[in-house]
Structures are given as structure tokens and as C-alpha cells.
Amino acid sequence: MKILIVEDEPKTVAYLRKGLTEQGYSVDFASDGENGLHLAQTLDYDAVILDVMLPRLDGVTVLQRLRQSRQTPVIMLTARDSVEARLQGLGAGADDYLIKPFSFLELLARLQAITRRGRNESTAIAVGDLHLDLLSRRATRAGKRLNLTAKEFALLAVLARRQSQIVSKTVITELVWDINFDTNTNVVEVAIKRLRAKIDGAFDSKLLHTIRGMGYVLEHRPEETA
């Protein structure tokens, strides 16, 4: 999933970016309201983490203008712990509100909640005997737990959400890694190889397939065995 952070404090940006990336999110950021609004209006994000006090355009104004064209889930961050400030943010269209300093685990839980509501989709996906729980970030095959890294789970989730569809390297790098990721490297091939070993290595029926020159597809093909 892709998250946009609009925050002018470098330490907060670094803290959030590190934590979210470790959880498998792809993260963009803007250090002022004007640039943040432009990104939020022109690119597709699963959620926006938006500070209230920003240069050029304040967070409330950014949110008000964003809501004219987009309903992207938004969590607002602020150091102002007052009912009036919270009501102002929620009234402008915020989905949730956090007071600084905050717990990253609390932010993560709230982020998962609003993105789940925004997608309005099941948190469980099945591809043959492979099962993913998107909320707990747990994957099993034939009832056996798969030990996946955060990036491997994110990659698997991207493929599973598009099961039976060919997913290109460009799409994978944009959704799993940073949007400006260098697609000339072989990191996708390496990640696919590691993921394939974990989800297919011990099983006769293979789920992860390479389509030469096009990308990858995750699907159950009952007639195919090793």
C-alpha cells in the first residue's frame, strides 16, 4: 500500500518512513502543504498522514481542498491537544486524529483501520490452498505458516489482490517499493525468487508463475504439478 506523509519535521518524517517501510508500505512525503496537496490530488494513495502546522498551506486547508476531489483516508497529526482543534480537523474531513507525541503502534493500528474501511474489502484472500490475512499480515499454505519478511508479504499481497492477472515489474516496484525506485536493478527478480521458494518450494502445485516479457501472475492451476 502507498502512504503519503505531509510533515515538515524531518525527525518525524524519518521516524514514520522507517516504521511504515518496515511494515511493507511504500511511502512518499512532502514537507509543505502546497506540495502535499499536489501529490495527494494527482497520485493514488491508500492513505495520507497530514500534519496540521505546515508551511505554505496549513493542514486543514490542504484537507479542505483535497476533499473537493478526493476521499483518500486522512489521519491528521497535531501538537494542539484541544477539543476545538480536533473538531476543526474532523470537520474538514479527517478520518482520524492523533496528538503528538504519539505511539507508532497506535498510528499503525489507526492506519490499518481507516484503509480497511476505505477499501471496503475483505481482509482475507485465498489463492488455492494459500491464505493471506491482510490485517494480521499472516500467510499460510496448506495450513502451514509461511515465514515472510515485511517486503515479501507486501509483494505477495500485491499479487494476491490481482490473482490471475499479470502484474508487471513497474507496477510491483511502484506498489511495493518507493515510486521512484530504479527498475533497472534486479531487486524484483530477487524478491520473486525468494517469495517463490517460500510459497511454492515445498509443494507440487505451483502458484507463482513468470510470464516472460510481461511480469508475474499468482494463480492456482490445478492441472500443473512439479
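Bear in mind that the values here come from a model prediction, so they are computed numbers and not experimental data. (Residues numbered from 1 in each chain as written. Predicted model: local features only at pLDDT ≥ 70, side-chain atom pairs only at ≥ 80, totals over all residues. Heavy atoms only, no water.)

Peer 1: Would you mind going over the pairing of strand S2 (residues 26-30) with me for this structure?
Peer 2: Looking down a regular strand, the side chains alternate between one sheet face and the other. Burial of S2 is extensive: 4 of the 5 residues sit out of reach of the surface. Across 5 bridges, the pairing between strand S1 (residues 2-6) and S2 is parallel. Counterpart to Lys2 in the pairing with S2 is Ser26. Viewed along the sheet, the connection from S1 through helix H1 (residues 10-22) into S2 turns out right-handed. (Buried < 20%, exposed > 50% of the residue type's maximum accessible area, 1.4 Å probe, protein only. Helix = DSSP H or I, 4+ residues; strand = E, 2+ residues; numbered from the N terminus. Pairing = 2+ DSSP bridges. Right-handed = clockwise from strand over helix to strand, strands pointing away.)

Peer 1: When you look at unusual backbone geometry in this model, what are you seeing that I'm missing?
Peer 2: A cis geometry characterises the amide bond from Lys100 onward to Pro101, with omega recorded as -10°. Here Pro101 shows up in the loop between strand S5 (96-99) and helix H5 (104-119). If you check the backbone angles, Ala142 has positive phi at about 55° while not being a glycine. Position of Ala142 among the secondary structure elements: in the loop between strand S8 (138-141) and strand S9 (144-145). A relative accessible area of 53% places Ala142 in the exposed class.

Peer 1: Is there a simple way to explain the nonpolar core in this structure?
Peer 2: When a protein is soluble and globular, its nonpolar side chains tend to lie buried together. Counting residues in hydrophobic clusters, the biggest one holds 30 residues, and the most contacted among them are Leu132, Leu156, Leu159, Ile172 and Leu218. Those elements that provide at least two residues to this core are strand S6 (124-127), strand S7 (130-133), helix H6 (150-161), helix H7 (169-176), helix H8 (187-199) and strand S11 (215-218). Ranked by residue count, the leading element in this core is H6, at 8 residues. Not counting the four nearest positions on each side in its chain, Ile172 is found in contact with Leu155, Leu159, Val167, Trp177, Val188 and Tyr216. Among the nonpolar cores identified, the runner-up in size contains 21 residues, and Val6, Val48, Val52 and Leu63 belong to it. (Core = buried A, V, L, I, M, F, W, Y, C linked by side-chain atoms within 4.5 Å. Contact = heavy atoms within 4.5 Å.)

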